[in-house]
Amino acid sequence: MEAKVYSTSAKEIRTCELNEEVFAREVSDGAIYYAVNNELANRRVGTACTKTRAEVNYSNTKPFKQKGTGSARRGDKKSPVMVGGGTIFGPKPRDYSYTMPKKVKRLAYKSLLSLGVQENRLVVVEDFTSENGKTKDLAQIMKAFDTENQRTVIIMKDDDAMLRRSARNIPYLHVLAYDKLSAKELLYGRKILVLESAAVELGKFYGER
């Protein structure tokens, strides 16, 4: 498929060929759902912890005598029904992460890129970088594409340290490498800026496997 390529000033300069298997395929809602859930689960810390009645620092003595008070029999103050007692079936530290089948994850990424094209959220931009790592220069490019204060994703070919540095102070901007995508960011990004070289690599990386 043919796509327009824009300059950093958001002007059309030429066209390029994109892999239809990656950018024009049928969208799989199920794969997207599972990929986003997987990312959110893998980010969970899982440090929530409660104490059972065996772990509560409390007295083992009976709160009152067994008979004659008119109250129910009570063993100790650690009981879960007592104020300050243990917790029944409370959370314990655990690992929420799990692995997804590679084919499903790849299908999710291809579906998200195709969805971006269908919704006119994905734009191919000529390759650019930040020479001095200043946020001001990258902010001007974002302004040209009318993405200010809108969740935006930049997909680059190589890990450009200066570009990442210039994007660090822009809260709504996320920079991703073509081989390390994020389903969550691609789904919720209002604009996806794909560098021209990254678009070619995406077609090779996800189209031939």
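A short tour of the structure in this document, coming up. (Residues numbered from 1 in each chain as written. Predicted model: local features only at pLDDT ≥ 70, side-chain atom pairs only at ≥ 80, totals over all residues. Heavy atoms only, no water.)

1. What about the nonpolar core?
It is characteristic of soluble globular proteins that their nonpolar side chains tend to be buried jointly. Note the cut-off: Side-chain atoms within 4.5 Å are what join buried Ala, Val, Leu, Ile, Met, Phe, Trp, Tyr and Cys residues into a set we call a nonpolar core. Only protein chains enter the accessibility calculation, which uses a 1.4 Å probe; a residue is then buried when its area is under 20% of its type maximum, exposed when over 50%, and partly exposed in between. Here, two residues are considered to be in contact whenever any of their heavy atoms come within 4.5 Å of each other.
Leu-138, Ile-154, Ile-155 and Leu-202 are the most contacted members of the largest nonpolar core, which has 47 residues in total. Setting aside anything within four residues of it in sequence, one finds Ile-154 in contact with Phe-128, Leu-138, Met-142, Leu-163, Leu-173, His-174, Val-175, Leu-176 and Leu-193.

2. Some thoughts on helix H4 (residues 135-144)
How we decide: Secondary structure counts use DSSP, requiring at least four H or I residues in a row for a helix and at least two E residues in a row for a strand, with both numbered from the N terminus. Relevant arc is that of directions from the helix axis to the C-beta atoms, nothing else.
Looking only at H4, the buried set comprises Leu-138, Ile-141 and Met-142. Along the axis of H4, the buried positions cluster into a sector of 100°, meaning they face one direction only. Turned more than 90 degrees from where H4 packs its buried face, Lys-136 and Lys-143 sit exposed. Against strand S4 (152-156), helix H5 (161-167), strand S5 (173-177) and strand S6 (191-195) lie the buried residues of H4. Taken from the residues just after H4, Asp-146 is the one with a positive phi, measuring 55°.

3. Considerations on the environment of Ala-199
Within the secondary structure layout, Ala-199 lies in helix H7 (residues 196-207). Sequence separation between Ala-199 and Met-156 is 43 residues; the distance between their C-alpha atoms is 8.4 Å. Beyond its immediate sequence surroundings of up to four residues, Ala-199 is in contact with Leu-18, Phe-23 and Val-194.

4. A short note on the pattern of salt bridges
The line we're drawing: Take a side-chain nitrogen of Lys or Arg and a carboxyl oxygen of Asp or Glu: if they are within 4 Å of each other, that pair is a salt bridge.
Taken as a whole and judged by the stated rule, the model has ten salt bridges. Here Lys-4 and Glu-12 are joined by a salt bridge, their closest N and O atoms 3.9 Å apart. Assessed through its relative accessible area of 45%, Lys-4 is described here as partly exposed. The partner of Lys-92 in a salt bridge is Glu-55, and the shortest N-O contact between them spans 2.8 Å. Note that Lys-92 is positioned in the loop between helix H2 (29-43) and helix H3 (102-118) and Glu-55 in the loop between H2 and H3, a separation of 37 residues in sequence. One continuous salt-bridge network, built from bridges that share partners, spans Glu-21, Arg-25 and Lys-110.

5. Details of the pairing of strand S2 (residues 12-17)
To keep it simple, the criterion reads: Following DSSP output, two strands are said to pair if at least two bridges run between them.
Here strand S1 (residues 2-6) runs beside S2; their pairing, made up of five bridges, is antiparallel. Following the sheet pairing, Glu-2 is matched in S2 by Glu-17. Counting the residues between successive antiparallel strands, the hairpin from S1 to S2 contains five residues, one of them, Ala-10, with a positive phi of roughly 65°.

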